[in-house]
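Report on the structure
Read off the chains here:
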Amino acid sequence: MKLYNSLSHEKEEFKTYEPGKVSMYTCGPTVYHFAHIGNLRSYIMEDVLEKALRWEGYEVKRVMNITDVGHLSSDADTGEDKMLKGAHREHKTVLEIAQFYTDAFFDDCKKLNIKYPDVVQPATGMIDSYIKVITKLIETGYAYFAGGNVYFDTSKLKKYYVFNDHDVEALEVGVRDSVEEDPNKRNKNDFVLWFTKSKFEDQALKWDSPWGVGYPGWHIECSCISMKFLGEHLDLHCGGIDNAFPHHTNEIAQSESYLGHPWCTHWFHVHHLNTASGKMSKSTGEFLTVSLLEEKGYDPLVYRLFCLQSHYRKALTFSWENLDNAAAAYDKLVRRIAALSAGGAVAATAQEPWRTQFREALDNDLNTSLAVTALYDVLKADLSDADKRALIADFDRVLGLELLEHAAALAKKESAALVGEEAGEIEGLIAQRAQAKKDKNWAEADRIRDELKARGIELIDTKEGTAWKKL
RNA sequence: GGCGACGUAGCCAAGUGGUAAGGCAGAGGUCUGCAAAAUCUCCACCCCCAGUUCGAGUCUGGGCGUCGCCUCCA
């Protein structure tokens with residue numbers, strides 16, 4: 001499988017440290033607000049990557065952190081979420097709030113058919129590890145104590161900017177007005193490993209440490225959690241493109257300085273979901289959640305398809321028109337699959353060309369758009385329905401669109417005509433209409449159809465008779 | 001200002017030197033009493049200007065434009 005690697009800026013053949021096994025780390029959510037669908041785009045694409053690796057026969061161990069450190073008690077007040085306000089009103093602790101949003105995050109993931117990681121580790125449960133790693137970094141000269149905080153000394157590194165070639169001097173200081181320069185830093189790029197003195201005096205969670213009571217810096221958690229569960233050699237590290245700098249850059253600095261050897265070989269960055277006005281984020285207004293999509297009547301899997309139709313390394317623009325587009329496509333896809341007959345002979349060799357087409361799409365830097373095309377090609381192919389179903393089931397192990405399940409549900413809904421009181425009545429009306437049609441009483445036939453339509457029942461005439469479904 | 005990604009039809013999008021996949025929307029045909037569904041057909045001078053090449057959406061140079069990051073919204 002060829003994958004683009006942010007370290008080399010090229011598509012490379014993906015290799016693992018241990019043959020056949022993939023150690024995969026994903027930056028998890030910060031849990032003091034709901035995840036928006038832009039955040040979730042990353043998790044969807046990472047899920048597809050994980051499933052593609054498994055589909056190709058790899059054994060994958062995936063680890064995700066939960067960032068529950070860094071809950072400024074004042075931060076909560078800026079949110080408009082009722083649960084959060086409620087939590088405060090009811091004197092819930094920040095950890096309870098974190099738990100609430102952690103659950104909300106995994107609920108969203110479940111709706112989007114994102115597999116639960118093999119290991120999920122909250123950052124607050126790893127304080128001893130951070131202290132251990134920071135202690136060693138100080139001992140080996142990579143970190144220093146100044147003004148109450150422990151900093152990582154980036155001047156000790158041969159190469160700090162691993163993803164981009166920044167010229168330190170060319171970087172403008174304070175491009176953003178809100179950023180203040182920290183006088184304790186020896187170098188412009190140094191970053192904090194452990195805080196005891198912070199401009200955020202209202203930090204809610206604090207722990208004792210050799211450097212005083214405080215809390216860990218915001219990069220150390222990923223290094224430590226990854227090393228604890230996946231060892232000293234990581235195959236694949238994922239995250240949103242916005243994490244590449246400084247978060248991932250700093251992770252590499254810490255981890256490799258601590259380990260004394262190269263750490264993670266492959267970096268997978270998912271690009272942003274934009275709205276017409278720019279990146280989707282808390283601050284820029286449009287903040288769409290999975291629940292909101294559901295309220296508007298969209299199946300969350302429609303959003304998954306929307307993401308799959310694009311490439312993970314390309315900015316994707318969200319609009320309701322585009323989502324409607326995906327919804328129509330999904331609906332049609334499911335209906336075409338539902339129309340496939342259940343029986344028939346399976347001929348594995350006949351399926352092979354399409355399986356190959358699908359594999360080649362995935363192998364080409366996870367080209368999900370082409371993978372979806374392979375799905376359409378199967379539907380159009382000269383194959384038995386049984387073969388088509390088998391291929392669709394196989395592809396869906398990666399795509400995760402629950403196509404056969406939804407098709408089955410659709411068929412069930414349509415055949416549910418035979419049960420229930422209301423259904424009996426509808427069947428009666430359909431029979432009346434059939435009689436009217438036989439009598440060529442078109443006005444009466446259309447009247448019955450319109451009456452049912454007004455009740456939300458759509459009739460579909462086929463050669464075998466009239467089927468119906470709820471709109 | 002620095003670094004990076006990207007610019008293909010109304011919309012999403014594939015394409016990594018050889019006469020532009022696929023999906024949605026749209027138009028037309030078939031099938032239906034009509035509709036719906038299904039199915040078939042149609043729909044692109046690839047941001048601009050130079051260059052390399054027998055041949056460029058695809059490579060090179062220069063523009064223009066969009067987006068992201070530039071230390072605490074992982």
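Look a little higher up for the structure.
Residues numbered from 1 in each chain as written. Chains lettered and ligands numbered in written order. Predicted model: local features only at pLDDT ≥ 70, side-chain atom pairs only at ≥ 80, totals over all residues. Heavy atoms only, no water.

Here's the deal with the overall build of chain A
Applicable threshold: Here a strand is any run of E in DSSP of at least two residues, a helix any run of H or I of at least four, and the numbering for each starts at the N terminus. Exposure is judged per residue with a 1.4 Å probe applied to protein chains only, and the accessible area is read against the type maximum: over 50% gives exposed, under 20% gives buried, and values in between give partly exposed. By definition in these notes, contact holds between two residues if any of their heavy atoms fall within 4.5 Å. Using a 1.4 Å probe, accessible areas were evaluated by the Shrake-Rupley method; residue-level cover was limited to the displayed protein chains.
Assigned secondary structure in chain A consists of 16 helices and 16 strands. Taking all 471 residues of chain A together, 47% fall into the buried category. Considering only contacts in chain A between residues 6 or more positions apart, those separated by 24 or more positions represent 75%. Accessible surface computed for chain A: about 22,900 Å², of which carbon and sulfur atoms make up 51%.

What about the packing of aromatic side chains?
Convention followed: Between the rings of Phe, Tyr and Trp (Trp by its six-membered ring), a pair exists once the centres lie within 6.5 Å; its type follows the angle of the planes, with under 30 degrees stacked, over 60 edge-to-face, and the other angles tilted. Two conditions define a charge sitting above a ring: the NZ of Lys or the CZ of Arg must be within 6 Å of the ring centre, and it must be within 35 degrees of the ring normal.
Following the criterion strictly, the structure yields 22 aromatic pairs and no others. Seen in terms of ring centroids, Phe-34 and Phe-100 are 6.1 Å apart; in terms of plane orientation they differ by 70 degrees. Their pairing is edge-to-face. Note that Phe-34 is positioned in the loop between strand S3 (21–26) and helix H1 (37–55) and Phe-100 in helix H4 (residues 94–111), a separation of 66 residues in sequence. Its relative accessible area of 25% is what places Phe-34 among the partly exposed residues. Since its relative accessible area comes to 28%, Phe-100 is described here as partly exposed. Three or more aromatic residues joined by ring pairs form one cluster here, namely Tyr-298, Tyr-303, Phe-306, Phe-318 and Trp-320. Over the face of the ring belonging to Tyr-144 we find Arg-186, whose NZ or CZ atom lies 3.8 Å from the ring centre.

Here's the deal with the nonpolar core
Proteins that are soluble and globular tend to have nonpolar side chains buried together. Operational definition: For the purposes of this section, nonpolar cores are sets of buried Ala, Val, Leu, Ile, Met, Phe, Trp, Tyr and Cys residues that join through side-chain atoms within 4.5 Å.
Among the nonpolar cores identified, the biggest contains 80 residues, and Leu-49, Tyr-303 and Leu-366 are the most heavily contacted of them. When sequence neighbours within four positions are dropped, the list of residues in contact with Leu-49 reads Met-1, Leu-3, Met-24, Leu-236, Cys-238, Phe-268 and Leu-366. Within the second largest apolar cluster, 45 residues are counted, among which are Met-126, Ile-131, Val-192 and Tyr-258.

So, the sheet that holds strand S11 (residues 264–270)
Let me state the cut-off plainly: Pairing between two strands is assigned when DSSP locates at least 2 bridges connecting them. Axes here mean lines fitted to C-alpha atoms, for a helix over just the part in contact, with angles spanning 0 to 180 degrees between N-to-C directions.
A sheet is described by the order of its strands in space; here 5 strands give the open sequence S5-S4-S3-S10-S11, paired in parallel fashion. Where the open sheet ends on each side, the last strands, each with one partner, are strand S5 (119–122) and S11. Along the sheet, successive strands turn relative to each other by an average axial angle of 20 degrees, direction set aside. This element, helix H6 (residues 220–230), spans S3, strand S4 (59–66), S5 and strand S10 (234–240) of the sheet and lies at about 145 degrees to S4.

Brief notes about the side chain of Ser-257
The criterion, for reference: A 3.5 Å cut-off defines polar contacts: any pair of N or O atoms within that distance qualifies, except that in protein one atom must be a possible hydrogen donor and the other a possible acceptor, and neighbouring residues in sequence count only when both atoms are side-chain atoms.
With respect to the element layout, Ser-257 can be found in helix H7 (residues 244–259). Given the relative accessible area of 8%, Ser-257 is considered buried. Engagement of the side chain of Ser-257 in a polar contact is seen with the backbone oxygen of Ala-253, the distance being 2.6 Å. Residues in contact with Ser-257, not counting those within four places in the same chain, are Leu-137, Tyr-142, Phe-152, Leu-157 and Ile-252.

Some points on unusual backbone geometry
In this structure, Pro-246 follows Phe-245 across a cis peptide bond, with omega equal to 5 degrees. Turning to its location among the elements, Pro-246 is positioned in helix H7. At Asn-113, a residue that is not glycine, the phi angle is positive and equals roughly 60 degrees. With respect to the helices, strands and loops of the structure, Asn-113 is situated in the loop between H4 and S5. Phi at Asp-365 is positive, roughly 55 degrees, even though this residue is not glycine. Assignment of secondary structure puts Asp-365 in the loop between helix H11 (348–363) and helix H12 (368–380).

What to know about helix H5 (residues 127–139)
Selection criterion: By this rule the span expected of a helix is its residue count minus one, scaled by 1.5 Å.
Compared with the 18 Å implied by 1.5 Å per residue over 13 residues, the 18 Å span of H5 between its first and last C-alpha is a close match. Of all the positions in H5, only Ile-127, Tyr-130, Ile-131, Val-133, Ile-134 and Leu-137 are classed as buried. Looking at the residues trailing H5, positive phi occurs at Gly-141, about 85 degrees.

A short note on the packing of helix H10 (residues 320–338) against H12
This is how the line gets drawn: In this scheme, a crossing is called left-handed if the near helix is turned counterclockwise away from the far one by less than a right angle; it is called right-handed if the turn is clockwise. In the scheme used here, Gly and all other residues not listed as nonpolar or charged are polar, with Ala, Val, Leu, Ile, Met, Phe, Trp, Tyr, Cys and Pro taken as nonpolar and Asp, Glu, Lys and Arg as charged.
Packing of H10 against H12 brings their axes to within 11 Å, and their N-to-C directions diverge by 35 degrees. The interaxial crossing formed by H10 with H12 has left-handed handedness. Across the interface between the two elements, Ala-329, Leu-333, Arg-336 and Ile-337 from H10 touch Leu-375, Tyr-376, Leu-379 and Lys-380 from H12. When the residues that make up the contact of H10 with H12 are grouped by side-chain class, the tally is 6 nonpolar, no polar and 2 charged.

Overview of the environment of Ala-374
Relative to the elements of secondary structure, Ala-374 occurs in helix H12. Taking the C-alpha atoms as reference, Ala-374 lies 9.9 Å from Glu-360; in sequence the two are 14 residues apart. Not counting the four nearest positions on each side in its chain, Ala-374 is found in contact with Trp-354, Gln-357, Phe-358 and Phe-395.

A few points about the sheet that holds strand S8 (residues 191–195)
Adjacent strands of a sheet pair through backbone hydrogen bonds, lying either parallel or antiparallel. Taken in spatial order, the 4 strands line up as S6-S7-S8-S9 in an open sheet, and their pairing is antiparallel. Sheet topology places strand S6 (143–146) and strand S9 (215–216) at the edges, where each strand pairs with a single neighbour. The sheet contact formed by S6 and strand S7 (residues 149–152) spans 4 bridges and is antiparallel. By the bridge assignment, Ala-146 is partnered in S7 with Asn-149. Contacts from H7 reach S7 and S8 within the one sheet, and its direction differs from that of S8 by about 70 degrees.

Keep in mind these values describe shape, not function.
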